[in-house]
Amino acid sequence: MRTRLFVAAAACLAAVAAGAGVAGAAPAPSSVALGGGSGILLPDVDHSNPDQVAACTLTAVGYDNAGSLVALTAGHCGVVGDRVFAEYLPEAGPIGRFTYSSPVSDIAVIDLDDAKVAPLRTVGGTTINGIGAPPAPGTIVCKEGRSTGNTCGITWGYDSVYGEIVEHTCSIPGDSGGPLVVGDRLVGLISNGFEPYCFEPLPPPFHAPDNSADINIGLADINANGGGFRLF
């Protein structure tokens, strides 16, 4: 069972919306730079409580089969139709919507507003220049998450039943969807973990592990059902 690593964020979107009609307010920015590791806000996730704003992390940005700009994140972060805002620039308004979400491969596609979004290959300490195979046991992998930033750890193995990479990058709520990389190759996305034990006093690899979804399984899923994806 997946432990969802998205987090309820401060309801900053409410403040943005409240100020939208104020005379003299600054116009929304024309370009929002986003890539794998960028934080996103998801105000539609908790439909029972519209004051709650969840947060997740983008896996990568690229294009679908029709040439439209899209982004990937974890499938448990949202459902089809949910709006997406850039965490660092919510005043830009919605920058996309979920168009595909799979609870099986735990991957989702966000159709981005091509007129607003500028794609990035590098966010924080992570650069994505290609797709890689699942890492072998003992391989050092790194992740970029909106909650914990860039962290690295050892790969323990691969769960073939769930298509998950068992590793020790350490993730907490909000990191869901964050890219897992070996060098500049995207190999997975943060899916679930044991966040209460993430930053215990003991150093890696002794804290609790994470499970990251195999990006190759996710890409096969969206290529078959979600409109396709290629890195920009």
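Everything numeric in this text was worked out from a predicted model, so none of it was measured.

Visitor: What is the right way to read the overall build of the protein chain from this model?
Guide: Within the protein chain, the secondary structure is distributed over two helices and 20 strands. Counting the 232 residues in the protein chain, one finds 50% classified as buried. Within the protein chain, contacts between residues separated by at least 24 positions form 65% of all contacts whose residues are at least 6 apart in sequence. When the accessible surface of the protein chain is summed, it comes to about 9700 Å², and 60% of that surface belongs to carbon and sulfur atoms.

Visitor: Teacher, can you tell me more about the packing of aromatic side chains here?
Guide: For any pair of aromatic rings, geometry is given as the distance between the ring centres together with the angle between the planes. By the definition in use, this model includes zero aromatic pairs. One cation-aromatic arrangement involves Arg121 over Phe232; the distance from NZ or CZ to the ring centre is 5.1 Å.

Visitor: Please explain unusual backbone geometry as it appears in this structure.
Guide: Most peptide bonds are trans, and most residues other than glycine sit at a negative phi. Positive phi is not limited to glycine here, since Asp106 has a value of about 55 degrees. Within the fold, Asp106 resides in the loop between strand E8 (96–102) and strand E9 (107–112). Here Asp106 falls in the buried class, since its relative accessible area comes to 1%. The backbone of Cys170 shows a phi angle near 75 degrees, a positive value even though the residue is not glycine. With relative accessibility at 3%, the residue Cys170 sits in the buried group.

Visitor: I keep staring at the pairing of strand E7 (residues 83–86) and nothing clicks. Help me out?
Guide: Consecutive side chains along a regular strand alternate between the two faces of the sheet. The pairing of strand E3 (residues 39–42) with E7 spans two bridges and is antiparallel. Pairing of Leu41 across the sheet is with Phe85, part of E7. Of the strand pairs in this sheet, E7 and E8 are connected by two bridges, and their pairing is antiparallel. By the bridge assignment, Arg83 is partnered in E8 with Arg97.

Visitor: Before we go on, may I ask you to explain the environment of Ile110 in this structure?
Guide: As for its position among the elements, Ile110 is in strand E9. In the structure, Ile110 is positioned twelve residues away from Phe98 in sequence and 4.3 Å away in space, judged by C-alpha atoms. Apart from residues no more than four positions distant in its own chain, Ile110 is found in contact with Ile40, Leu58, Leu69, Val70, Ala71, Thr73, Val84, Gly96, Arg97 and Phe98.

Visitor: Help me understand the environment of Asn216, please; the structure alone is not making it clear to me.
Guide: Examined against the element boundaries, Asn216 turns out to sit in helix H2 (residues 215–225). Judged by its relative accessible area of 31%, Asn216 is partly exposed. As a C-alpha pair, Asn216 and Gly188 span 28 residues in sequence and 7.6 Å in three-dimensional space. Ignoring any residue separated from it by four or fewer positions in sequence, one finds Asn216 in contact with Ile131, Gly132, Ala133 and Pro134.

Reading guide: rules and limits
- Residues numbered from 1 in each chain as written.
- Predicted model: local features only at pLDDT ≥ 70, side-chain atom pairs only at ≥ 80, totals over all residues.
- Heavy atoms only, no water.
- Helix = DSSP H or I, 4+ residues; strand = E, 2+ residues; numbered from the N terminus.
- Buried < 20%, exposed > 50% of the residue type's maximum accessible area, 1.4 Å probe, protein only.
- Contact = heavy atoms within 4.5 Å.
- Areas by Shrake-Rupley, 256 points an atom, 1.4 Å probe, with all protein chains shown as cover.
- Phe/Tyr/Trp six-rings, centres within 6.5 Å; stacked < 30°, edge-to-face > 60°.
- Lys NZ or Arg CZ within 6 Å of the ring centre and 35° of its normal.
- Pairing = 2+ DSSP bridges.

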